[in-house]
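One-letter residues, chain by chain:
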Amino acid sequence: MNSTKNEIIKEKEYSTLNLGPTHPATHGIFQNVMKMDGELIVEAEPTIGYIHRAFEKLAERRPFAQITPITDRLNYCSSPINNMGWHMTAEKLAGIEIPKRVQYLRVIIMELSRIADHIICNSVIGVDSGAMTGFLYVFQWREFIYEIFEELCGARLTTNIGRIGGLERDFSQKAWLKIEQLMKELPGGLKEFENLLVRNRIFMDRTIKCGPISAERALAYGFTGPNLRAAGVDYDVRVMNPYSSYQDFDFMIPLGTNGDTYDRFMVRENEMWQSMSIIKQAMEKLDRLDDKTSFHADVPAYFLPEKDEVYNTMEGLIWHFKIIMGETQMPKGEVYHSVEGGNGELGFYLISDGGRTPYRLHFRRPCFIYYQAYPEMVKGGFLSDAILTMSSMNVIAGELDA
Amino acid sequence: MSNITAELAIEKLNNQFGDQIVSSEMLYDFLTVTVAKKSVKDVIQFLHDDAELNCHFLTTCCGLHYPDQSEQFGMMYQLHNMVANYRIRIKSFTADAEPVFDTITDIWPSANWMEREAFDFFGFRFLGHPKMKRILNMDSLEGWPLRKEFPLEDPFRADKDDKMFGR
């Protein structure tokens with residue numbers, strides 16, 4: 001009798017906490033069923049797929065040009081990078097050469113959206129550690145970047161920017177002015193944000209050693225992007241497999257050492273400065289280029305003609321119709337192209353059988369792969385650290401669930 | 001930067017596995033090797049362990065379906081050697097109606113969800129996988145959505161008939 005009683009006491013009772021699917025602290029639809037020992041996490045079990053939209057299946061029915069809007073909805077914090085990644089994949093398949101000027105313009109767009117992505121992630125780390133102020137300060141810059149996107153393509157969040165073969169239009173004068181204004185004013189804004197957090201004792205105590213991961217585990221879990229670099233591995237697709245002329249630019253890969261929340265924060269923070277330097281370099285390079293007007297490659301079979309031609313010439317109308325309906329010939333082939341997205345290596349694995357749509361399109365979505373490490377990273381830590389870890393990993397529900 | 005050539009990788013694989021290597025070709029910048037299904041895990045393990053090839057990173061893996069081929073189902077794995085910046089793609093096909101592959105979760109924990117995704121969308125099972133369960137779709141879903149015969153839309157809808165371009 002006594003022994004059974006002792007056994008019962010020895011057996012600890014854990015409580016189960018259902019964090020999510022919609023929880024104000026998780027920034028998206030994530031569910032985690034957590035086994036708690038008081039305030040400590042014993043086990044976490046993520047459930048994903050709440051906003052699954054079957055992109056890979058949809059892509060098998062859509063002509064190549066119509067897949068760009070799907071990619072917007074992957075990592076919606078930096079849609080332009082996804083758009084460019086898809087265009088470059090299709091261009092690689094079709095063997096389209098892009099003029100230097102367009103490549104530099106694309107670099108500017110991609111780096112702007114990287115800054116916007118990192119602003120969201122870093123300011124949200126601030127919010128989750130109890131500092132709302134920084135978030136309010138830097139969000140005006142994110143808003144400003146979205147205004148630039150609006151000027152470039154008419155949309156802010158789901159941009160559908162660019163086309164296969166180039167950009168849909170050249171940057172307007174107003175867009176250039178805004179980019180110049182951003183380049184002038186963002187450093188001050190970012191400095192202000194860093195003054196609030198980077199050497200702040202409370203913030204450092206809160207984030208250092210919070211949700212750490214070693215370089216080996218990070219690689220085993222398929223980490224890429226800022227999360228992997230925070231663990232000390234200098235893998236950056238822009239340097240390793242340069243696309244869109246990234247080899248012409250001079251920039252650093254910021255690294256961390258411990259792979260904890262603070263390192264992830266710092267890597268992103270420093271990447272924003274690098275991105276600004278890349279944009280500056282791109283603008284200088286554009287000034288030096290002789291080509292001042294081209295905004296697309298000369299590929300009438302893939303690039304939509306000007307509206308003026310569509311309405312007034314027979315040939316223009318035919319090309320427009322053919323491209324929209326996916327009747328232009330895409331070669332047979334199998335191609336993988338990856339870009340450095342806001343949160344890691346975003347890859348497109350495309351099989352084309354020469355038809356109007358891809359035969360198979362697989363997205364290598366960085367956060368779908370690295371979110372698997374979440375249970376291991378939060379195990380043994382406090383619940384409040386788990387929230388911080390998740391926001392510092394930059395898990396975006398749209399990309400996670402495809 | 002990369003001092004591993006496609007020839008070296010093919011030679012090593014041929015020496016090690018001989019007739020298990022069905023074919024190899026360069027597709028754009030990617031060496032793609034098709035391997036017999038029963039040794040696909042050994043090949044991946046070999047690429048992972050080999051000191052020179054050192055493919056220590058699993059970039060991605062996914063299912064494939066070619067209903068017109070006799071070996072209609074397949075898996076695709078992309079491995080990466082970040083040090084030498086060398087990438088290789090391994091493919092394996094099978095004629096089984098209900099394919100079972102060996103899991104590679106013991107080599108890389110990152111394969112866990114990727115294999116679950118392949119199960120979810122293609123119905124492939126993975127021997128030795130710690131949790132073979134649907135991941136993105138609801139558990140009650142019938143059928144395997146990314147197989148070619150699975151309809152994108154409800155085929156019985158009468159209100160969405162488009163005679164010019166089909167549905």
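What counts, and at which threshold
- Residues numbered from 1 in each chain as written.
- Chains lettered and ligands numbered in written order.
- Predicted model: local features only at pLDDT ≥ 70, side-chain atom pairs only at ≥ 80, totals over all residues.
- Axes fitted to C-alpha atoms, helices over the stretch in contact; angles between N-to-C directions.
- Helix = DSSP H or I, 4+ residues; strand = E, 2+ residues; numbered from the N terminus.
- Parallel < 35°, antiparallel > 145°, perpendicular 65-115°, else oblique.
- Contact = placed C-beta atoms within 7 Å.
- Nonpolar A, V, L, I, M, F, W, Y, C, P; charged D, E, K, R; others polar.
- Core = buried A, V, L, I, M, F, W, Y, C linked by C-beta atoms within 7 Å.
- Buried ≥ 20, exposed ≤ 12 C-beta atoms within 10 Å, placed from the backbone.
- Domains from an automatic or database assignment.

## A word on the packing of helix α7 (residues 173-197) of chain A against helix α12 (residues 261-288) of chain A
Residues and elements named next belong to chain A. It is at 11 Å that the axes of α7 and α12 come closest, and there the two elements cross at 170°. Between α7 and α12, the angle is such that the two are roughly antiparallel. Contacts between α7 and α12 pair Met-183, Leu-186, Pro-187, Leu-190 and Glu-194 from the former with Glu-269, Met-272, Met-276, Ile-279 and Lys-280 from the latter. A per-class count over the contact of α7 with α12 returns seven nonpolar, no polar and three charged.

## Remarks on the nonpolar core
Ranked by size, the top nonpolar core spans 153 residues in total, and within it Ile-108 of chain A together with Ile-88 and Ile-90 of chain B carry the most contacts. When residues in this core are grouped by element, the largest group, 14 residues, is from helix α5 (residues 100-128) of chain A. Domain assignment of the residues forming this core places at least three in each of domain 1 (2-45) and domain 2 (63-401) of chain A. If sequence neighbours within four positions are ignored, Ile-88 of chain B has contacts with Ala-9, Leu-31, Val-33, Leu-47, Cys-55 and Leu-79 of chain B.

## Quick notes on the packing of α5 of chain A against helix α17 (residues 383-393) of chain A
Residues and elements named next belong to chain A. Remark: α5 packs on α17, axes separated minimally by 8 Å, with the N-to-C direction vectors making an angle of 170°. Taken together, α5 and α17 sit at an angle that is classed as roughly antiparallel. Within the contact between the two elements, α5 uses Val-124, Ile-125 and Asp-128 and α17 uses Ile-387, Leu-388, Ser-391 and Ser-392.

## A short note on the domain arrangement of chain A
Note: interface size is frequently given as the accessible area lost on complex formation between the parts. Residues and elements named next belong to chain A. We note that the domain assignment places domain 1 (2-45) and domain 2 (63-401) within chain A. On a C-alpha basis, the centres of domain 1 and domain 2 stand 36 Å from each other. Residue-level contacts link twelve residues of domain 1 with 17 residues of domain 2. When the residues that make up the side of domain 1 that touches domain 2 are grouped by side-chain class, the tally is six nonpolar, three polar and three charged.

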